[in-house]
Amino acid sequence: YSSGYYRTERDKGTQYELFYKKMDGMEYRHVTLFRPFGPLMKVKSETVDISRSIINVIVPLAGRTEAFAQFMQNFRDVCIHQDKRVHLTVVYFGQDGLSEVKNILESVARETDFHNYTLVSLNEEFNRGRGLDMGARAWEKGEVLMFFCDVDVYFTAEFLNSCRLNAEPGKKVFYPVVFSLYNPAIVYANQDIPPPVEQQLVHKKDSGFWRDFGFGMTCQYRTDFLTVGGFDLEVKGWGGEDVHLYRKYLHGELMVVRTPVPGLFHLWHEKHCADELTPEQYRMCIQSKAMNEASHSHLGMLVFREEIEAHLRKQAYRTNSEAAG
């Protein structure tokens, strides 16, 4: 068939308009199909008790101690004070900054009487997949719901509950879509300083974007993760390992729940494109950097800054000339 389109009438069903090209080139066969909505079917109705459901939040880390201190601020507010059913597993790579991370964890533990945490220390090069794998295996109390998280991620207590509701052992894994914030220095350029992080958490076109190609943040049960074979540790360095795991679930028996959630944010941080990258890798890195930096319109304002300033100068000149005349 050569082309077609469909439209959904929200109270009736979906109409398909298909055009098939005939051999002689000028005649088309036009077929219209209609798929009506069926009546609603109640599949099940049940009460779900999540009061005793522990979440093991697993964070792989190397360096980034300032970001970790900020992460722990959010963790303290949300997990220790509000939710109270969370275990934290930090998998730390290398020696540099390790004692600082220990100190941050110990001081939070002292101040809040929170001791449900594990620090796994690996003296090797950072590998996110390996870190999460080690974190999952470090848990020794059988089944648990795991949330694979990054140090730049901010989440709410409501998010933890959607985690508990959307993952089910042997049935469902949850892949929420994260809202990724742009560079606050550009978003809030007209203010002296950007507002505090809590006030930056808004779903607006100019403040961030839904990271619908990201599969790093996920909630799944430990047995499901181990049954599917965990991360492919052949994937070296940054990126790729999470998509690989996601695809394994897509091809498997479990239902993959993929949806944007309001309470999950990726905070902006500066992205460095290393000198040793090949020109092709560097170009991709810069593209990714641009995408995470600001919205199309904000980047446009930066590109056309000189034209905007020239216009303002002309306006000022004209106003001054009129005033003098």
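Residues numbered from 1 in each chain as written. Predicted model: local features only at pLDDT ≥ 70, side-chain atom pairs only at ≥ 80, totals over all residues. Heavy atoms only, no water.

Per an unreviewed UniProt entry, the protein chain goes by Hexosyltransferase and derives from Cardinalis cardinalis. UniProt annotates the protein chain under Sequence similarities (unreviewed entry) with the comment "Belongs to the chondroitin N-acetylgalactosaminyltransferase family." UniProt, in its Catalytic activity (unreviewed entry) section for the protein chain, records the words "3-O-(beta-D-GlcA-(1->3)-beta-D-Gal-(1->3)-beta-D-Gal-(1->4)-beta-D-Xyl)-L-seryl-[protein] + UDP-N-acetyl-alpha-D-galactosamine = 3-O-(beta-D-GalNAc-(1->4)-beta-D-GlcA-(1->3)-beta-D-Gal-(1->3)-beta-D-Gal-(1->4)-beta-D-Xyl)-L-seryl-[protein] + UDP + H(+)". (UniProt positions renumbered as here; feature names shortened; annotations may be inferred.)

**Q** If you had to explain the overall build of the protein chain to someone new, which residues and values would you point to?
**A** When you go through the protein chain residue by residue, the secondary structure sums to 11 helices and 12 strands. Here the C-alpha radius of gyration of the protein chain, 25 Å, is well above what a compact globule of 325 residues would show, namely 20 Å. Seen along its three principal axes, the alpha-carbon backbone of the protein chain occupies a region of about 70 × 70 × 45 Å. Classification of the 325 residues of the protein chain by burial places 41% in the buried group. Within the protein chain, counting contacts between residues at least 6 apart in sequence, those at least 24 apart form 72% of the total. Charge-centre separation for the protein chain: the mean point of 38 positive side chains lies 6 Å from the mean point of 43 negative side chains. (Helix = DSSP H or I, 4+ residues; strand = E, 2+ residues; numbered from the N terminus. Rg over C-alpha atoms; globule rule 2.2 N^0.38 Å. Buried < 20%, exposed > 50% of the residue type's maximum accessible area, 1.4 Å probe, protein only. Contact = heavy atoms within 4.5 Å. Lys, Arg positive; Asp, Glu negative; His and termini not counted. Charge placed at Lys NZ, Arg CZ, Asp CG, Glu CD.)

**Q** Quick one: what's the story with the environment of Lys205, residue by residue and with numbers?
**A** The residue Lys205 is located in the loop between helix H6 (197-200) and strand E10 (208-210) in this model. Measuring from C-alpha to C-alpha, the distance between Lys205 and Ser297 comes to 9.7 Å, with 92 residues separating the pair along the chain. Setting aside chain neighbours within four positions, we find Lys205 in contact with Tyr182 and Ser295.

**Q** Describe the domain arrangement of the protein chain, listing the residues and the values that go with them.
**A** Split by domain assignment, the protein chain resolves into domain 1 (2-36) and domain 2 (55-280). A C-alpha centroid distance of 45 Å is found between domain 1 and domain 2. (Domains from an automatic or database assignment.)

**Q** Quick rundown of empty space enclosed by the protein? Include the residues and the values.
**A** In this approach the atoms are scanned with a rolling probe the size of a water molecule, which exposes any empty space left behind. Considering all chains together, one arrives at one cavity of 30 Å³ or more under this definition. Volume-wise, the largest cavity comes out at about 30 Å³. (1 Å grid on protein atoms, 1.4 Å probe; cavity = no way out; pocket = protein on both sides within 12 Å on 5 of 7 lines; lining within 4 Å. Points joined across faces, edges and corners; volume = space filled by probe spheres on them.)

**Q** Tell me about the state of the cysteines, and please be specific about residues and values.
**A** Under the defined criterion, the tally for this structure stands at two disulfides. Note that Cys163 is cross-linked by a disulfide to Cys219, the S-S spacing being 1.8 Å. Handedness of the Cys163-Cys219 disulfide follows from its S-S torsion of about -100 degrees: it is left-handed. Taken as a pair, Cys163 in helix H4 (residues 157-166) and Cys219 in strand E11 (residues 218-221) lie far apart in primary sequence, 56 residues in all. Assessed through its relative accessible area of 0%, Cys219 is described here as buried. Paired through a disulfide, Cys273 and Cys285 show a sulfur-sulfur distance of 2.2 Å. (Disulfide = S-S within 2.5 Å.)

**Q** Any details on the pattern of salt bridges? Residues and values, ideally.
**A** Per the stated rule, a full pass over the model turns up 15 salt bridges. Note that Lys12 and Asp11 form a salt bridge whose closest N and O atoms lie 3.6 Å from each other. Its relative accessible area of 47% is what places Lys12 among the partly exposed residues. Residue Asp11 is classed as exposed on the basis of its relative accessible area of 59%. A salt bridge links Glu241 to Arg128, with the shortest nitrogen-to-oxygen separation between them at 3.3 Å. With a gap of 113 residues between them, Glu241 in helix H8 (residues 241-250) and Arg128 in helix H3 (residues 128-138) connect regions that are remote in the sequence. A single burial state applies to Glu241 and to Arg128, both of which are buried. The network of salt bridges with common partners includes Asp83, Arg85 and Arg164. (Salt bridge = Lys/Arg side-chain N within 4 Å of Asp/Glu carboxyl O.)

**Q** Kindly report on helix H11 (residues 305-324), identifying the contributing residues and their values.
**A** The terminal C-alpha atoms of H11, which comprises 20 residues, lie 28 Å apart, in line with the 28 Å expected from a rise of 1.5 Å per residue. Across the 20 residues of H11, zero count as buried, placing the element largely on the outside. (Expected span 1.5 Å × (residues − 1).)

**Q** Quick one: what's the story with the nonpolar core, residue by residue and with numbers?
**A** Formed by 41 residues in total, the largest nonpolar core has its most connected members in Val57, Phe68, Phe71, Phe75, Phe147, Phe155 and Phe159. Ranked by the residues each element gives to this core, the list is headed by helix H1 (residues 65-83), at eight residues. In contact with Phe147, not counting residues within four places along its chain, are Ile55, Asn56, Val57, Ile58, Phe155, Phe159, Cys163, Met217, Thr218, Cys219 and Leu264. Counting 21 residues, the second largest nonpolar core, distinct from the first, contains Val91, Trp139, Phe148 and Val256. (Core = buried A, V, L, I, M, F, W, Y, C linked by side-chain atoms within 4.5 Å.)

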